[in-house]
Each structure stands twice: as C-alpha cells, then as structure tokens.
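Descriptive structure summary
Residue strings, one per chain:
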Amino acid sequence: MAREVRKAEADKFIRKSEEFYYSALENYQKGRLNAAAFDAAQSIILANDAFCISMLGRRASKNHNEAIQLHVQAASNNESKKDILAGALDQRNEFGYTETSSSEKEANLLLVRSKRFMDWVKSKLSVE
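Analysis parameters
- Along each chain, residues carry numbers from 1 onward, in the same order as the chain's sequence is written.
- Whole-chain, interface and lining totals are the exception, using all residues; otherwise, since this is a predicted model, local features are given only for residues with pLDDT of at least 70 and side-chain atom pairs are given and counted only at 80 or more.
- Based on all heavy atoms of the structure, the side-chain values leave hydrogens and waters out of the count.
- Strands here mean DSSP runs of E at least two residues long; helices mean DSSP runs of H or I at least four residues long; both are numbered from the N terminus.
- Here a residue-residue contact requires only that any non-hydrogen atoms of the pair lie within 4.5 Å.
- We call Phe, Tyr and Trp rings a pair once their centres come within 6.5 Å, taking the six-membered ring for Trp, and we label the pair stacked below 30 degrees between planes, edge-to-face above 60, and tilted otherwise.
- Only when the NZ atom of a Lys or the CZ atom of an Arg is both within 6 Å of the ring centre and within 35 degrees of the ring normal do we say a charge sits over the ring.
- For every residue, the accessible area obtained with a 1.4 Å probe (protein chains only) is divided by the maximum for its type, and the residue is called buried under 20%, exposed over 50%, and partly exposed between those limits.

Another aspect to go through is the environment of Q42. Mapped onto the fold, Q42 is located in helix α2 (residues 33–56). Sequence separation of Q42 and F95 is 53 residues, and the distance between their C-alpha atoms is 12 Å. Residues in contact with Q42, not counting those within four places in the same chain, are F20 and R92.

Attention now moves to the packing of aromatic side chains. As enumerated under the stated definition, the model contains 4 aromatic pairs in all. Their ring planes at 70° and their centres at 5.1 Å tell us that Y21 and Y22 sit as a pair that is edge-to-face. What links up through ring pairs into an aromatic cluster is the set F51, F117 and W120. The lysine or arginine in question, K16, covers the ring of F13, its NZ or CZ lying 6.0 Å from the ring centre.

Below, the discussion takes up the environment of E94. Checked against the element boundaries, E94 lands in helix α4 (residues 82–97). Assessed through its relative accessible area of 30%, E94 is described here as partly exposed. As a C-alpha pair, E94 and Q42 span 52 residues in sequence and 13 Å in three-dimensional space.

Set out below in structure tokens:
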C-alpha cells in the first residue's frame, strides 16, 4: 500500500538517488559489478520515489508493481519511463539477491540509465 509523504520530502529522495548513483559509479570503476548494478538500480528506484512524491504526494511500499503503477500515475501517461523502472527493479533483485552476476555491459547500461532517469526526474522537479 502506497505511503503518504509530504511533497517537500521529494528533494531528500533525489539526493539519496544521487548518492547511490555515485556509489554505483565508484563500484563500477573498481570492478565491483554486482554492487555497481545494485546501486544504479537503487538510484533509479529512489529517483522514482522522488518523482511520485512530488507529483502525487505518495511513494510505493515494497511492492514493485505498486512502484510502477504510481510512476505511470505520476507521469499521467505522458513520457512515462516505466520500462526503465521495471528493468531496474528486476535487475536489482537479480544481481543483489540471486546467484546471477552482472556483466560489465549490464552494469554499464544500468549506470547510464540511472543517470538519465535521475536527470529526467530532476528536470520534472526543477532540481539542479
């Protein structure tokens, strides 16, 4: 069940998103690919929380389907990035909680997507 959050809190989530992005970048540079992929995916999830909080005053609970549904609602079906979010949720679980390891290519792609998603959210929230 989605949680109500004051819209003013969105900025805290985008800052956390940045922190995980930079952690992902550092992990990638040091060859820690699973950690890089996990952190990049977490950055996307936190940026999505910021987006949903800013637009709806709500963020998803631990339910991944709920996160995607809230994203679509927040985007009002205009320029939805739900595919990026859904992929990040899947890959976070895959590389963080199973025996599967991230390849360099997969970690790099998640890093790129994380940065682009975070920048997209910042543009929607008018955050520098």
